Amino acid sequence: MPIFMDVHTGMAGVTDEALAAAHQADLDIQGEEGVDFQKAWADPVTGHVFCLSEAPDADAVRRIHERAGHPADEVHEITVTA
C-alpha cells in the first residue's frame with residue numbers, strides 16, 4: 001500500500017495533548033477509507049504537524065483529516081526511501 005506524509009500548518013503552540021487528540025480523531029475513522037495513520041509529529045514553534053500513513057491514495061488521507069477537523073495543507077506520496 002502507498003505511504004504518505006502529510007503536512008498541516010498554522011498549528012503554532014500545539015501541545016502533546018492536542019496532537020494526541022487530533023491523531024486519535026484520525027484513528028477513530030481511518031478504517032472507513034482504508035487508511036492507517038502510523039505516527040504524527042509536531043513543531044509547536046513553527047506550527048507544522050506531520051503525519052505518516054499508509055492509504056489507498058492521497059485523497060483518502062485528505063478525506064479523513066477533513067472529517068476529523070484538521071485538513072492537511074499538503075499530502076505527499078513517499079516513493080523513495082533510504
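Provided above is the structure to which this section pertains.
The rules behind these values
- Residues numbered from 1 in each chain as written.
- Predicted model: local features only at pLDDT ≥ 70, side-chain atom pairs only at ≥ 80, totals over all residues.
- Heavy atoms only, no water.
- Helix = DSSP H or I, 4+ residues; strand = E, 2+ residues; numbered from the N terminus.
- Expected span 1.5 Å × (residues − 1).
- Buried < 20%, exposed > 50% of the residue type's maximum accessible area, 1.4 Å probe, protein only.
- Arc of directions from axis to C-beta.
- Contact = heavy atoms within 4.5 Å.

**Observations regarding helix H1 (residues 16-29)**
- Across its 14 residues, H1 extends 21 Å between first and last C-alpha, which sits within 8% of the 20 Å expected from 1.5 Å per residue.
- Residues Leu 19, Ala 22, His 23, Asp 26 and Ile 29 constitute the buried set of H1. Within H1, the buried residues cover an arc of 140° as seen down the axis, which keeps them to one side. In H1, those exposed residues whose orientation departs by more than 90 degrees from the buried face are Asp 16, Glu 17 and Asp 28.
- Taken together, the buried residues of H1 touch strand E2 (36-43), strand E3 (48-54) and helix H2 (58-68).

**Concerning the environment of Ile 3**
- For Ile 3, the location among the structural elements is in strand E1 (residues 3-8).
- By relative accessible area, which is 31% here, Ile 3 ends up partly exposed.
- Sequence separation between Ile 3 and Thr 46 is 43 residues; the distance between their C-alpha atoms is 24 Å.
- Every residue in contact with Ile 3, bar those within four places of it in the chain, is listed here: Leu 52, Ser 53, Glu 54, His 76, Glu 77 and Ile 78.

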